[in-house]
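# Descriptive structure summary
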Amino acid sequence: MDILKTATDWARTEVFSTSFFILLGIIFLLVSLGFWQLGKSELAKAYVIPTSIAGALLLIIGIGLTYTNVSRISDFEAAYHQDVSTFIEAEISRSESTLSEYKTVVFTWIPAIIAACSLGIIFLNTPAWRASLITVIAMMVVILLIDGTAHSRIQSYYTKLSLFKDSEPR
C-alpha cells in the first residue's frame, strides 16, 4: 500500500467534498436573491438577510477548506519524501484530532443547535425569527450532511494510516 497515494487521494476527495459547501453557499445566495426579488409576504422578505448570511458563511467555509486541502496535497509529497515515519505520525495525529473535533462539533453541537432552533420556531412567532431559525437549521443540515461523509472518509484514512504504521518495518 502506497501511503502517499492514499493521503493524496484522501485530500483530493476532500477537495471535491468541500466544493459542495461552495455550491450550496451559492444556492443559498441565489435563494436569498429570489426572496428579495419575488418575495411578497412578510415571511418571504424575512428570509433575505438570513439566507444571505448562511450563503456567505457556507462560501467562506468551502473556500477555506478547499484552499487548505489543495495546499495539503502539495505538502504531502514534500513531507513524505523528507521522512516517511514522521509523515505517518503527523497524519495519524492530525486525523485523531479531526475525528475528536467531529465528535464534539459535528455530532454533538450541530444537532443541539438544530434542536434549539426547532424549539425556537415553536415559541418565536415573528417572521424574522422564524426565517432566521429555519435558515440556521437548513445550514446546519448542510454542514451535517457534508461533514458526516467527511467523517467516514477520515475514519477510513485513519484506519489505513494505522495499518500502514503497524506493518512498517521497525
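Residues numbered from 1 in each chain as written. Predicted model: local features only at pLDDT ≥ 70, side-chain atom pairs only at ≥ 80, totals over all residues. Heavy atoms only, no water.

### Some points on the overall build of the chain
When its secondary structure is counted, the chain shows 5 helices and 0 strands. Going residue by residue from the N terminus, the α and β elements of the chain occur as α-α-α-α-α. Computed over the C-alpha atoms, the radius of gyration of the chain is 20 Å, more than 25% above the 15 Å expected from 2.2 N^0.38 for a compact globule of 170 residues. Dimensions along the principal axes, computed over C-alpha positions, put the chain at roughly 70 × 30 × 20 Å. In the chain, which comprises 170 residues, the share counted as buried stands at 39%. Carbon together with sulfur atoms contributes 69% to the accessible area of the chain, which is approximately 9,800 Å² in total. Each charge class in the chain can be summarised by its mean position, and for the 12 positive and 14 negative side chains these summaries are 11 Å apart. (Helix = DSSP H or I, 4+ residues; strand = E, 2+ residues; numbered from the N terminus. Rg over C-alpha atoms; globule rule 2.2 N^0.38 Å. Buried < 20%, exposed > 50% of the residue type's maximum accessible area, 1.4 Å probe, protein only. Areas by Shrake-Rupley, 256 points an atom, 1.4 Å probe, with all protein chains shown as cover. Lys, Arg positive; Asp, Glu negative; His and termini not counted. Charge placed at Lys NZ, Arg CZ, Asp CG, Glu CD.)

### What to know about the environment of F87
Structurally, F87 can be placed in helix α4 (residues 84-123). Taking the C-alpha atoms as reference, F87 lies 42 Å from P50; in sequence the two are 37 residues apart. In this structure F87 touches I3, A7, F76, A79 and Y80, once residues within four positions along its chain are discounted. (Contact = heavy atoms within 4.5 Å.)

### A short note on the nonpolar core
Counting 21 residues, the largest nonpolar core has I3, W10, F76, F87, I88, I154 and Y157 as its most contacted members. Elements with a minimum of two residues in this core: α1 (3-38), α3 (48-82), α4 and α5 (127-167). Setting aside anything within four residues of it in sequence, one finds I3 in contact with Y80, F87, I88, K160, L161 and F164. Core analysis: the next-biggest nonpolar cluster, separate from the first, contains 15 residues, I110, I114, M140 and I146 among them. (Core = buried A, V, L, I, M, F, W, Y, C linked by side-chain atoms within 4.5 Å.)

### Things to note about a nonpolar patch on the surface
Taken together, the side chains of F16, F20, L23, I27 and V31 present a nonpolar region at the surface, about 440 Å² in accessible area. In this structure, F20 sits in helix α1. (Patch = residues over 30% accessible without salt bridge, like charges linked within 9 Å, V, L, I, M, F, W, Y side chains within 5 Å. Salt bridge = Lys/Arg side-chain N within 4 Å of Asp/Glu carboxyl O.)

### Observations concerning the packing of aromatic side chains
Tallied over the full model, the rule gives 5 aromatic pairs. The interplanar angle of 5° and the centroid separation of 4.8 Å between the aromatic rings of W10 and Y157 together place this pair among those described as stacked. Here W10 is found in helix α1, whereas its partner Y157 is found in helix α5, with 147 residues between them in sequence. Grouping aromatic residues by their ring pairs yields a cluster made of F76, Y80 and F87. (Phe/Tyr/Trp six-rings, centres within 6.5 Å; stacked < 30°, edge-to-face > 60°.)

### Quick look at α3
With 35 residues, α3 extends 51 Å between its outermost C-alpha atoms, agreeing within 8% with the 51 Å of an ideal straight helix rising 1.5 Å per residue. Considering bend angle alone, the principal kink of α3 is centred on S74 and spans about 30°. (Expected span 1.5 Å × (residues − 1). Bend = angle between axes of the 7 residues up to and from the residue.)

### Re the packing of α1 against α5
Running from N to C, α1 and α5 cross one another at 180°; their axes reach a closest spacing of 10 Å. Between α1 and α5, the angle is such that the two are roughly antiparallel. Grouping the amino acids of the contact of α1 with α5 by side-chain chemistry returns 17 nonpolar, 5 polar and 4 charged. (Axes fitted to C-alpha atoms, helices over the stretch in contact; angles between N-to-C directions. Parallel < 35°, antiparallel > 145°, perpendicular 65-115°, else oblique. Nonpolar A, V, L, I, M, F, W, Y, C, P; charged D, E, K, R; others polar.)

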